[in-house]
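Next come the chains, spelled out residue by residue.
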Amino acid sequence: MAEFSENLNIIHDRIVAAASASSRAPADITLIAVSKTKPAEAVEAAIAAGHRVFGENRVQEGVQKFTSLRGRYEDLELHLIGPLQTNKVAEAVAFFDVIQTVDRPKLAAALAKEGAKQGRLPKLYIQVNVGSEPQKAGILPQEACAFYKECCETYGLKIDGLMCLPPHGQDPAPYFALLKDLADELAVPCISMGMSGDFECAIEKGATQIRVGTALFGTR
Ligand SMILES: *Cc1c(COP(=O)(O)O)cnc(C)c1O
């Protein structure tokens, strides 16, 4: 527990420093603590340290870990940051507050249908494959605007943000800048980018949400 709260203080100070270096308000940047592979006890320690916003990359793992925590802490906010298969859409819609990985028409259609059925929808972000990497999830940058329109006009979805994972081992700055440009073009408020190794750069480029795992919880 002590370790998480120490790490949280360090990350918080780094967020404040990165924000002020870009003349941004630290309050405009939300820290998502990525708890994937970590046990519920680790999340409890984070909650005890005052943290409330978490990210999981698998539906099943998130539901299992957070169901009982949700019952005890009403103000938790849970983000799905991993790929979503259409057969898990019902569960994801019922459980998560934000789904950051909308990346194909079939998924958009399934979300719209499930939202109508359940009478609720999480906030939705589009995942953009900023490096146009063949193995990576996300809509290609040049298709992002058309897909955004399709989500809104064909499926009636409200899209609140964009999310990306830049290519591994390269300078992320131009990829973060690309996501920021797309978000500005589409006028969506949330920009989810930056992880343990590069969140300061992401903040400089305009991130409103950073997703930090190992720097908070330790190595996986
Ligand atoms: C695991 C993960 C993170 C956190 O990565 P760290 O390097 O541990 O900070 C962020 N975003 C996504 C989509 C992830 O899967």
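Residues numbered from 1 in each chain as written. Predicted model: local features only at pLDDT ≥ 70, side-chain atom pairs only at ≥ 80, totals over all residues. Heavy atoms only, no water.

### As for the nonpolar core
Here is step 1: In terms of nonpolar packing, the biggest core is built from 66 residues, with Phe-54 and Leu-111 touching the most fellow members.
Here is step 2: Residues within four places of Leu-111 in sequence aside, it is in contact with Leu-84, Val-89, Val-93, Ile-99, Val-102, Leu-121, Leu-124 and Leu-157. (Core = buried A, V, L, I, M, F, W, Y, C linked by side-chain atoms within 4.5 Å. Buried < 20%, exposed > 50% of the residue type's maximum accessible area, 1.4 Å probe, protein only. Contact = heavy atoms within 4.5 Å.)

### What about the site of the ligand?
Here is step 1: Taken together, Val-34, Lys-36, Ile-81, Met-163, Leu-165, Met-195, Ser-196, Arg-211, Val-212, Gly-213, Thr-214 and Arg-220 make up the full set of residues adjacent to the ligand.
Here is step 2: At 2.8 Å from an oxygen atom of the ligand is found a main-chain nitrogen or oxygen belonging to Gly-213.
Here is step 3: Within the complex, the protein chains bury 89% of what would otherwise be the 390 Å² of accessible surface of the ligand.
Here is step 4: A majority-of-atoms criterion places the ligand in the largest pocket.
Here is step 5: By residue class, the composition of the shell around the ligand is six nonpolar, three polar and three charged. (Near = heavy atom within 4 Å. Polar contact = N/O pair within 3.5 Å; in protein donor to acceptor, adjacent residues only side chain to side chain. Areas by Shrake-Rupley, 256 points an atom, 1.4 Å probe, with all protein chains shown as cover. 1 Å grid on protein atoms, 1.4 Å probe; cavity = no way out; pocket = protein on both sides within 12 Å on 5 of 7 lines; lining within 4 Å. Sits in = over half its atoms within 2 Å of the grid points. Nonpolar A, V, L, I, M, F, W, Y, C, P; charged D, E, K, R; others polar.)

### Description of the pairing of strand β4 (residues 98-102)
Here is step 1: In terms of burial, β4 is a largely internal element, five of the five residues being buried.
Here is step 2: Two elements, strand β3 (residues 77-80) and β4, share two bridges in a ladder whose sense is parallel. Among the inter-strand pairings, His-79 is bridged to a residue of β4, identified as Val-98.
Here is step 3: The parallel pair β3 and β4, bridged by helix α4 (residues 89-95), forms a crossover whose chirality is right-handed.
Here is step 4: Note: β4 against strand β5 (residues 123-128), three bridges, orientation parallel. Opposite Val-102, over in β5, you have Ile-126 as the bridge partner. (Helix = DSSP H or I, 4+ residues; strand = E, 2+ residues; numbered from the N terminus. Pairing = 2+ DSSP bridges. Right-handed = clockwise from strand over helix to strand, strands pointing away.)

### Section: the pattern of salt bridges
Here is step 1: Counting across every chain of the model gives 11 salt bridges.
Here is step 2: Between Asp-75 and Arg-52 there is a salt bridge, and its shortest N-O distance comes to 3.2 Å. Of this pair, Asp-75 sits in the loop between α3 (59-72) and β3 while Arg-52 is found in the loop between α2 (40-48) and β2 (53-56), placing the two residues 23 residues apart along the sequence.
Here is step 3: Owing to a relative accessible area of 47%, Asp-75 belongs among the partly exposed residues under this scheme.
Here is step 4: Taking the relative accessible area as the measure of exposure, Arg-52 reaches 24% and is therefore partly exposed. (Salt bridge = Lys/Arg side-chain N within 4 Å of Asp/Glu carboxyl O.)

### What to know about α3
Here is step 1: When the terminal C-alpha atoms of α3 are compared, their 20 Å separation across 14 residues agrees well with the 20 Å that a helix rising 1.5 Å per residue should span.
Here is step 2: Taking the largest bend as the criterion, α3 deviates by roughly 45°, centred on Phe-66.
Here is step 3: Looking at α3, one finds that the buried residues are Val-59, Glu-61, Gly-62, Val-63, Lys-65, Phe-66 and Leu-69.
Here is step 4: Residues of α3 that are buried make contact with α2, β2, β3 and α4. (Expected span 1.5 Å × (residues − 1). Bend = angle between axes of the 7 residues up to and from the residue.)

### Quick word on the layout of surface pockets
To find the voids left in a structure, one rolls a probe of water-molecule size over its atoms.
Here is step 1: Space inside the largest pocket adds up to approximately 560 Å³.
Here is step 2: Lining the largest pocket are 26 residues, with Lys-36, Leu-165, Pro-166, Met-195 and Arg-211 sitting closest to its centre.
Here is step 3: When grouped by side-chain class, the residues that make up the lining of the largest pocket number 10 nonpolar, 11 polar and five charged.
Here is step 4: Along its surface, the second largest pocket is lined by Asn-57, Arg-58, Val-59, Gln-60, Glu-61, Pro-83, Gln-85 and Lys-88.
Here is step 5: Residue classes in the lining of the second largest pocket are distributed as two nonpolar, three polar and three charged. (Points joined across faces, edges and corners; volume = space filled by probe spheres on them.)

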